[in-house]
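# Remarks on the overall topology
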Amino acid sequence: MTTNGPAATDLEAVKLRAILKSAVAAIVTIDSRGRIETVNSAAERMFGYAAGEVIGRNINMLMPEPYRSQHDTYLAKYLATGRRQIIGIGREVAGLRKDGSTFPMHLSVGEFKVGETRYFTGTILDLSAQRAAEQRFEHEQALFRSIFQSLPDPLVICDTTGAIRLVNPSFTKVFGFTE
């Protein structure tokens, strides 16, 4: 059995479709003009569009401003100069859902060629849940600080070795120590 014949190519195509379908991250492929070529089911769920609604359209439809108006210029500049701002690097940007809502996302972009045609694949992680958890944590920290600072009774927080890590203002007032 050879590994380079049609059966191997079919197997590779089946494997690739299975990977794209099962990926938790959204995966979107565009051509060098910025036209969407493929989206996986995670991208459909993330952005709220069926594949048929986005295939053939410019990727900037999934971007809020200022990314939307800058994308085509950035892509053209990259193709002309090779200067990378996101390709092979990745960064946090915002995405635009079909319903008009925006969300924070991490985008990493890779590039590949088929013959002389260049394509770009974006792998996208929705950071909404992470940002919400960070905001809850910050809120809880602020609430803790507010309560801790305003307690009328002295309060000391120690680590497992007994070393003092935190005291409230009542502690310093009652015992005469500085923080």
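Residues numbered from 1 in each chain as written. Predicted model: local features only at pLDDT ≥ 70, side-chain atom pairs only at ≥ 80, totals over all residues. Heavy atoms only, no water.

### Some words on the pattern of salt bridges
Put simply, the rule is: The term salt bridge refers to a pairing of a side-chain nitrogen on Lys or Arg with a carboxyl oxygen on Asp or Glu at a separation within 4 Å. Starting at the N terminus, helices and strands are each numbered in turn, a helix being any DSSP run of H or I of at least four residues and a strand any DSSP run of E of at least two.
Summed over the entire model, instances satisfying the criterion amount to 9 salt bridges. Residue Arg118 is joined to Glu111 by a salt bridge in which the shortest nitrogen-to-oxygen separation is 2.7 Å. The partner of Arg131 in a salt bridge is Glu134, with the nearest N and O atoms 3.2 Å apart. With Arg131 and Glu134 both in helix H5 (residues 128–150) and 3 residues apart, this pair spans about one turn of that helix. Members of the salt-bridge network, linked through shared partners, are Glu92, Arg131 and Glu134.

### Looking at the packing of aromatic side chains
Definition in use: The pairing test for Phe, Tyr and Trp rings, Trp by its six-membered ring, is centres within 6.5 Å, and the orientation test on the planes gives stacked under 30 degrees, edge-to-face over 60, and tilted for anything in between. Any residue under 20% of the maximum accessible area for its type is buried, any over 50% is exposed, and the rest in between are partly exposed; the area is computed with a 1.4 Å probe on protein chains only. Two thresholds decide whether a charge sits over a ring: the Lys NZ or Arg CZ must be within 6 Å of the ring centre and within 35 degrees of the ring normal.
The final tally for this structure, using the stated rule, is 6 aromatic pairs. Considering the side-chain rings of Phe144 and Phe148, the 5.4 Å spacing of their centres and the 25° angle between planes classify their relative orientation as stacked. Pair noted here: Phe144 and Phe148 are both in helix H5, with a separation of 4 residues, about one helical turn. For Phe148, a relative accessible area of 2% puts it in the buried group. The rings of Phe171, Phe175 and Phe177 are connected pair by pair, giving a single aromatic cluster. Positioned above the aromatic ring of Phe103 is the side chain of Arg97, whose terminal nitrogen or guanidinium carbon lies 3.9 Å from the ring centre.

### Considerations on a nonpolar patch on the surface
The condition is simple: Within the patch definition used here, like charges are joined within 9 Å and nonpolar side chains (Val, Leu, Ile, Met, Phe, Trp, Tyr) within 5 Å, considering only residues with over 30% relative accessible area and no salt bridge. Residue exposure ignores everything except the shown protein chains as possible cover, and the areas themselves are Shrake-Rupley values with a 1.4 Å probe.
Taken together, the side chains of Leu143, Phe144, Ile147, Leu151, Leu155 and Ile157 present a nonpolar region at the surface, about 470 Å² in accessible area. Among the elements that take part in the nonpolar patch, H5 stands out by supplying 3 residues, more than any other. Assignment of secondary structure puts Leu143 in helix H5.

### Overview of the pairing of strand E4 (residues 102–114)
Note the following rule: When DSSP locates at least two bridges between a pair of strands, those strands are taken to pair.
By the bridge criterion, 6 bridges tie strand E3 (residues 91–96) to E4 in an arrangement that is antiparallel. Paired with Leu96 across the strands is Thr102, a residue of E4. Hairpin remark: E3 followed by E4, antiparallel, with 5 residues in the connecting loop; positive phi at Gly100, about 95°. Pairing geometry for E4 and strand E5 (residues 117–126), over 10 bridges, is antiparallel. Its bridge partner lying in E5, His106 is registered against Leu125. Here E4 hands over to E5 after 2 residues, with Gly115 in that stretch at a positive phi of 65°.

### Some remarks on unusual backbone geometry
Here the bond from Glu65 into Pro66 is cis, since omega is 5°, no more than 30 degrees from zero. Along the chain, Pro66 turns up in the loop between helix H3 (51–54) and helix H4 (67–81).

### Things to note about the sheet that holds strand E1 (residues 26–31)
The cut-off we apply is this: Here the axes come from fitting lines to C-alpha atoms, over the contacting stretch only for helices, and the angles between their N-to-C directions go from 0 to 180 degrees. By definition in these notes, contact holds between two residues if any of their heavy atoms fall within 4.5 Å.
The strand order E2-E1-E5-E4-E3 describes an open sheet built from 5 strands, whose pairing is antiparallel. Taken across any chain shown, the strands that pair with only one partner, and hence form the sheet edges, are strand E2 (36–39) and E3. Across the sheet, the axes of successive neighbouring strands diverge by a mean angle of 35°, strand direction being ignored. Relative to the sheet, H4 contacts E1, E3, E4 and E5, its axis offset from that of E5 by approximately 140°.

### Some remarks on H4
Let me state the cut-off plainly: How far a helix is expected to stretch is found by multiplying one less than its residue total by 1.5 Å.
Relative to the 21 Å expected for 15 residues at 1.5 Å per residue, H4 spans 20 Å between its end C-alpha atoms, a close match to the ideal helical length. Of the residues making up H4, those classed as buried are His71, Tyr74, Leu75 and Tyr78. Next to the buried residues of H4 lie E1, E4 and E5. Among the residues trailing H4, Gly82 stands out with phi positive, at a value near 80°.

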